[in-house]
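Descriptive analysis of the structure
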Amino acid sequence: MKRKAAKAGKLRLSPNEETMLMKEEYERRRKLRLQQVRLEQQKDIALQIRQKVKQRREEQLRKLEEALRAEWQKAQDEKMKALEKLYLSSLRAIGEGHRQAKEHEPDLEALAKQAE
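Residues numbered from 1 in each chain as written. Predicted model: local features only at pLDDT ≥ 70, side-chain atom pairs only at ≥ 80, totals over all residues. Heavy atoms only, no water.

What follows deals with the pattern of salt bridges. One pass over the structure, following the stated rule, counts six salt bridges. Here Glu25 makes a salt bridge to Arg28, at a shortest N to O gap of 2.6 Å. Of the two residues, Glu25 and Arg28 both sit in helix α2 (residues 15-103), three residues apart, roughly one turn of that helix. Arg29 is the salt-bridge partner of Glu25, the closest N and O atoms lying 2.9 Å from each other. Highlighted residues: Glu25 and Arg29, both in helix α2, separated by four residues, approximately one helical turn. One continuous salt-bridge network, built from bridges that share partners, spans Glu25, Arg28 and Arg29. (Salt bridge = Lys/Arg side-chain N within 4 Å of Asp/Glu carboxyl O. Helix = DSSP H or I, 4+ residues; strand = E, 2+ residues; numbered from the N terminus.)

Written as structure tokens, this is what we have:
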């Protein structure tokens, strides 16, 4: 009697219920796997987007650096040319000053004769 009472307390599922539970468990796990895959795909896509943005930013910075460097170099070249012209004109001016001084040099002999 006790065996029957023990068995009576333990109910078994019908084959249809068992199949339905297995199917539900399978679907639940399938959905979980899909969610995990989608999450991984989203992470990969986000990483790719971040990398593209980083590359684009680095490319823009590189182009800006090149443009600024070229502009600076051009300005330096112009300054160098201007200073070179000023230097050459100063050298010519030194020579001019000597020539003018010789031209306007008082004739000491003539002045001495005039003074006598």
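Picking up after the structure, the text goes on.
Residue-level pLDDT values for the chain average 88, and 91% of them are 70 or greater. Across the chain, element-level confidence peaks in α2 with a mean pLDDT of 93 and bottoms out in helix α1 (residues 2-9) with 56. (pLDDT = per-residue confidence, 0-100.)

For the rest of this paragraph, the subject is the environment of Glu40. The topology assignment puts Glu40 in helix α2. Placed 47 residues apart in sequence, Glu40 and Tyr87 show a C-alpha to C-alpha distance of 69 Å.

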